[in-house]
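Each chain is listed here by its residues.
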Amino acid sequence: MTTSGTRSMGSAAPPAAPTVTPPTAPPGAPSPPGVSAPNDGAARIAAGLQAGGLGVGERVALMLPSGADYFFAFYGVLLAGGVPVPIYPPVRRAQLEEHLRRQGRILANAQAAVLITTDDALLVARLLTASVASLGTVTTVAELGSHGGRFERAAPAPEALAFLQYTSGSTGDPKGVMLSHANLLANIRADGQGVAV
């Protein structure tokens, strides 16, 4: 069940709510357009999620490409007390049916309550609500960021679930691995030592 702080999705009870303070940009570093600092973007997402009723420890799928929106969403989910579940956005129309099946299985297994995606993938994402009973909200980063307001920061224990990461499923169904905050900090420290930061 537990190996080096990771757990497979089968038998684990819902963990305590996670939170991580997103890093701030180095002095003088440019912020993405329309955002005064990385913390602001993540804080707006956290406020939008909590205003929408996100519960502590609830899973939030991120069907987003790499970039500023992904960063804000990932850290915004953590700040709101949720658990991010990264999944791939659709790439090719010819493979859309298989993509929906695979992502639907991941969302159901993770018991995702919310799915954050792009405007381009919103229609596809909404199709997933029919096959995933737990999925109650499909939204975008822009929609969540427009709520304004404040969020209440969670304070997880090191062993609390930080996020769920799924395998590609190339040899079968994707398998989920539960990563704790302690796991992530150990990786960050090792990376820092590796690049002598």
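Residues numbered from 1 in each chain as written. Predicted model: local features only at pLDDT ≥ 70, side-chain atom pairs only at ≥ 80, totals over all residues. Heavy atoms only, no water.

### Some thoughts on the pattern of salt bridges
- The final tally for this structure, using the stated rule, is 4 salt bridges.
- In this structure, Glu97 engages Arg101 in a salt bridge whose closest nitrogen and oxygen atoms are separated by 3.1 Å. Highlighted residues: Glu97 and Arg101, both in helix H3 (residues 96-110), separated by 4 residues, approximately one helical turn.
- According to the relative accessible area criterion, Glu97 is exposed, its value standing at 58%. (Salt bridge = Lys/Arg side-chain N within 4 Å of Asp/Glu carboxyl O. Helix = DSSP H or I, 4+ residues; strand = E, 2+ residues; numbered from the N terminus. Buried < 20%, exposed > 50% of the residue type's maximum accessible area, 1.4 Å probe, protein only.)

### Quick look at the sheet that holds strand S5 (residues 112-117)
- Strand order in this open sheet of 4 strands is S4-S3-S5-S6, and the pairing throughout is parallel. Where the open sheet ends on each side, the last strands, each with one partner, are strand S4 (83-87) and strand S6 (137-140). Neighbour to neighbour, the strand axes of the sheet diverge by 25 degrees on average, direction disregarded.
- Both S5 and S6 contribute to a ladder of 4 bridges, which runs parallel. Residue pairing for S6: Leu115 is matched across the bridge by Val138.
- Against the sheet, helix H2 (residues 68-80) touches strand S3 (59-63), S4 and S5, its axis set at about 150 degrees to S4.
- Sheet strands touched by H3: S3, S4 and S5. Its angle to S4, the strand with the most contacts, is close to 165 degrees. (Pairing = 2+ DSSP bridges. Axes fitted to C-alpha atoms, helices over the stretch in contact; angles between N-to-C directions. Contact = heavy atoms within 4.5 Å.)

### Here we look at the confidence of the model for the protein
- For the protein, per-residue confidence averages 80 on the pLDDT scale, and 80% of positions sit at 70 or higher.
- Every residue in residues 1-35 scores below 50 in pLDDT, and together they form 83 contacts with partners more than four places removed in sequence or on other chains. (pLDDT = per-residue confidence, 0-100.)

### Describing the side chain of Ser180
- Within the secondary structure layout, Ser180 lies in strand S8 (residues 176-180).
- Judged by relative accessible area, Ser180 falls into the buried class, the value being 5%.

### As for the packing of aromatic side chains
- Going through the model one piece at a time under the given rule, you end up with 5 aromatic pairs.
- For the ring pair Phe71 and Tyr75, a centre distance of 4.8 Å and an interplane angle of 55 degrees mean the geometry is tilted. Highlighted residues: Phe71 and Tyr75, both in helix H2, separated by 4 residues, approximately one helical turn.
- A residue is classified by how much of its surface remains accessible, and Phe71, at 24% relative accessible area, is partly exposed.
- Each ring, one from Phe74 and one from Tyr75, has its centre 5.5 Å from the other, and the planes form 75 degrees; the classification is edge-to-face. In this pair, the class of Phe74 matches that of Tyr75, namely buried. (Phe/Tyr/Trp six-rings, centres within 6.5 Å; stacked < 30°, edge-to-face > 60°.)

### Some remarks on the side chain of Thr140
- By secondary structure assignment, the location of Thr140 is in strand S6.
- Here Glu143 takes part through its backbone nitrogen, which lies 3.0 Å from a polar atom of the side chain of Thr140.
- Those residues in contact with Thr140, other than ones at most four positions away along the chain, are Ile116, Thr117, Thr118, Asp119 and Leu122. (Polar contact = N/O pair within 3.5 Å; in protein donor to acceptor, adjacent residues only side chain to side chain.)

### Here's the deal with the environment of Val85
- In this structure, Val85 sits in strand S4.
- In this structure Val85 touches Arg59, Val60, Ala61, Leu62, Ile106, Ala110, Leu164 and Tyr166, once residues within four positions along its chain are discounted.

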